[in-house]
Amino acid sequence: MEKSCEFDWDEHNEQHLARHGISRSDAEDVLSGNHILLEYQTRSDEQRWVAVGTTRAGRIISIVFAVRGEAMRPITGWDADKATIDLYFQQWGQV
């Protein structure tokens, strides 16, 4: 049986993503579905990754997230640019 992803949400990260037009369910769709890890960064001694993936509605977005304990914490996100969308389709095919 597939293990479901756990997410770390609070008012801060939900509101930050909402300012970028990304809902909680959008971020969870990307991180729990087929996504590509684009880059790794360290910020304030925290390891963060950038993933690109698709929402249930077919929107392709990039999400910055950290792993805290057993949970993924979405931090910010944006609509993927054309080059990133092309990379996603090369890996996973059309939505």
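Definitions and limits used
- Residues numbered from 1 in each chain as written.
- Predicted model: local features only at pLDDT ≥ 70, side-chain atom pairs only at ≥ 80, totals over all residues.
- Heavy atoms only, no water.
- Buried < 20%, exposed > 50% of the residue type's maximum accessible area, 1.4 Å probe, protein only.
- Helix = DSSP H or I, 4+ residues; strand = E, 2+ residues; numbered from the N terminus.
- Pairing = 2+ DSSP bridges.
- Salt bridge = Lys/Arg side-chain N within 4 Å of Asp/Glu carboxyl O.

Caption draft 1: Focus on the pairing of strand β3 (residues 60–68). Within β3, 7 of the 9 residues are buried, leaving the element largely enclosed by the surrounding structure. Alignment of strand β2 (residues 46–54) against β3, held across 7 bridges, turns out to be antiparallel. Following the sheet pairing, W49 is matched in β3 by F65. Hairpin remark: β2 followed by β3, antiparallel, with 5 residues in the connecting loop; positive phi at G58, about 90°. One ladder, built from 8 bridges, connects β3 with strand β4 (residues 71–79); its direction is antiparallel. Paired with A66 across the two strands is R73, which belongs to β4.

Caption draft 2: Layout of the pattern of salt bridges. Counted according to the given criterion, the structure contains 10 salt bridges. For D8, the salt bridge goes to R73, with nearest N and O atoms at 3.4 Å. With D8 in the segment before α1 (11–19) and R73 in strand β4, this pair connects stretches of sequence that are 65 residues apart. You can call D8 partly exposed: its relative accessible area is 23%. Exposure remark for R73: the relative accessible area of 6% places this residue in the buried category. Two residues, R24 and E28, come together in a salt bridge whose shortest N-O distance is 3.5 Å. Within this pair, R24 and its partner E28 are both found in helix α2 (residues 24–32), separated by 4 residues, close to a single helical turn. Exposure remark for E28: the relative accessible area of 23% places this residue in the partly exposed category. A single salt-bridge network, built from bridges that share partners, covers D8, D10 and R73.

Read these as geometric descriptors, not functional statements.
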